[in-house]
Amino acid sequence: MSLASALYPALKPWLFKMDAERAHEWTTRMMRISHALGLLKPDALPPMKAVDCLGLRFPNVLGLAAGMDKSASAVEAWGALGFGFVEVGTLTPRPQPGNPKPRLFRLPEHEALINRMGFNNPGIHAAVSRLAKRRTSAVVGVNIGKNFDTPNEKAVDDYLACLKAAYPVADYIAVNISSPNTKGLRDLQAEESIRQLLAALKKEQASQENQHGKQVPVLVKIAPDLDGAQIEALARVFNELAVDGVIATNTTISREAVAGHALEKEAGGLSGAPVRERSTLVIQAFRTLLGADIPVIGVGGILSGAHAVEKLNAGASLVQVYSGLIYRGPGLIADVLRALKS
Ligand SMILES: Cc1cc2nc3c(=O)[nH]c(=O)nc-3n(C[C@H](O)[C@H](O)[C@H](O)COP(=O)(O)O)c2cc1C
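A few points on the structure. The model shown is predicted, which means the values in this text are computed figures rather than measured ones.

A closer look at the nonpolar core
Soluble globular proteins: nonpolar side chains tend toward being buried together. In this structure, Trp78, Tyr159, Ile222, Phe238 and Phe286 are the most contacted members of the largest nonpolar core, which totals 87 residues. It is helix α5 (residues 155-166) that provides the largest number of residues to this core, a total of seven residues. The residues touching Trp78, leaving out its near neighbours within four places in the chain, are Met31, Leu64, Met68, Asp69, Phe83, Val86 and Leu325.

Written out as structure tokens, the structure reads:
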């Protein structure tokens, strides 16, 4: 067992007594230091077969979901822990502080989190400078969004600015239109809005490809709170515009699974175990509706290897985790990769 996996069960009770965001900052700092000292090693794993997807070669199918490394400050450390890919961000054109604290809450009884971080990030340019110097074999995706004070009518300018800045350093770009914590952002999922946004981004992608001589896939990250008609409309647009991939799903605004919990009324997106089933259903629906050449990345409530297998069986080509890492620690990485091997 690696040092990180061995230490986590002992550290967890202490971390869980700390404010959730402080614990996150402390852990990230410790990871960076441990990595610099050469102490961060993955658990012993069976040899993994690399996976070809999105025109990229992934060392393995497990990725770190967006939001954990918003500033792209620890990609090497995440890679060293065993992740095959790391999605940094969400990044916006200008830096922004996000919502007032507290804005991250644990619901341990449900192995869940509620967050209303609000895209706190150093801005796309700061992240791009870091990524230009990265040294990791993990694939790196850059998740992009709009600033909180950019009206939806101008959202396309923000996404274009981020796409242009990220293109030279990103292995893939994820267009986040599904965070519940930026006012109006999820309205961009409406059929006409998403068609306009994606048409502009696909055009810019082609121009960037010419300029840089490399094809960087553009994926869209969607919410779990979509009904059948909305899913069909989105799939229609994704097929029509030949989007390169779909990431399903973000956090949910539903509180059904945590009804009665003291923190139920906290505004924000719910993640972890309560979103698992819904996210799997959404993956399944998109897999059925999308063309075979548009892969789905499955994320939402993976807390064990079996959960990751469930997502792959639902049609995901790759999977990501966030909340599971908080509740199960870095041992979850080996748990997932072993389950996928067997
Ligand atoms: C604290 C927190 C911050 C997040 N920030 C982002 C973000 O900036 N961009 C994004 O696309 N998703 C963000 N997410 C959503 C996750 O990437 C993931 O889609 C969601 O949490 C479901 O996966 P999980 O159940 O494994 O956590 C965030 C999630 C959490 C818990």
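After that view, the rundown keeps rolling.
Considerations on the site of the ligand
Around the ligand, the surrounding shell holds 24 residues, and the nearest of these are Ala66, Thr90, Lys221, Gly301 and Ser323. Separating an oxygen atom of the ligand from a side-chain N or O atom of Lys70 is a distance of 2.9 Å. Residue Asn143 places a side-chain N or O atom 3.0 Å away from an oxygen atom belonging to the ligand. Across the complex, the protein chains shield 98% of the 610 Å² of accessible surface that the ligand would expose by itself. Taken atom by atom, the bulk of the ligand overlaps the largest pocket. Split into classes, the residues belonging to the shell around the ligand amount to eight nonpolar, 14 polar and two charged.

Brief notes about a nonpolar patch on the surface
Among the surface-exposed residues, Leu3, Leu7, Ile33, Leu37 and Leu39 lie close enough to one another that they form a single nonpolar patch of about 470 Å² accessible area. Topologically, Leu3 is positioned in helix α1 (residues 3-17). Classification of Leu3 as partly exposed rests on a relative accessible area of 47%.

Comments concerning the packing of helix α9 (residues 305-313) against helix α11 (residues 331-341)
Their axes nearest at 7 Å, the elements α9 and α11 cross at an angle of 55°. In this view, α9 runs oblique relative to α11, as classed from their interaxial angle. α11 is crossed by α9, and the crossing has right-handed handedness. Between α9 and α11, the residues in contact are Gly305, Ala306, Ala308, Val309 and Leu312 and Asp335, Val336, Ala339 and Leu340, respectively. Split into classes, the residues belonging to the contact of α9 with α11 amount to seven nonpolar, one polar and one charged.

Thoughts on the pairing of strand β12 (residues 296-299)
Here β12 shows a buried face lined by Val296 and Gly298 and a second buried face lined by Ile297 and Val299. The pairing of strand β10 (residues 245-248) with β12 spans three bridges and is parallel. Looking at β12, one finds that Ile247 is bridged to Ile297. With three bridges joining them, β12 and strand β13 (residues 318-321) adopt parallel strand pairing. In the strand pairing of β13, Val299 is matched with Gln320. At this point the chain moves from β12, through α9, to the parallel β13, and the crossover so formed is right-handed.

What counts and how
- Residues numbered from 1 in each chain as written.
- Predicted model: local features only at pLDDT ≥ 70, side-chain atom pairs only at ≥ 80, totals over all residues.
- Heavy atoms only, no water.
- Core = buried A, V, L, I, M, F, W, Y, C linked by side-chain atoms within 4.5 Å.
- Buried < 20%, exposed > 50% of the residue type's maximum accessible area, 1.4 Å probe, protein only.
- Helix = DSSP H or I, 4+ residues; strand = E, 2+ residues; numbered from the N terminus.
- Contact = heavy atoms within 4.5 Å.
- Near = heavy atom within 4 Å.
- Polar contact = N/O pair within 3.5 Å; in protein donor to acceptor, adjacent residues only side chain to side chain.
- Areas by Shrake-Rupley, 256 points an atom, 1.4 Å probe, with all protein chains shown as cover.
- 1 Å grid on protein atoms, 1.4 Å probe; cavity = no way out; pocket = protein on both sides within 12 Å on 5 of 7 lines; lining within 4 Å.
- Sits in = over half its atoms within 2 Å of the grid points.
- Nonpolar A, V, L, I, M, F, W, Y, C, P; charged D, E, K, R; others polar.
- Patch = residues over 30% accessible without salt bridge, like charges linked within 9 Å, V, L, I, M, F, W, Y side chains within 5 Å.
- Salt bridge = Lys/Arg side-chain N within 4 Å of Asp/Glu carboxyl O.
- Axes fitted to C-alpha atoms, helices over the stretch in contact; angles between N-to-C directions.
- Parallel < 35°, antiparallel > 145°, perpendicular 65-115°, else oblique.
- Left-handed = near helix turned anticlockwise from the far one by under 90°.
- Pairing = 2+ DSSP bridges.
- Right-handed = clockwise from strand over helix to strand, strands pointing away.

Keep in mind these numbers describe shape, not what the thing actually does.
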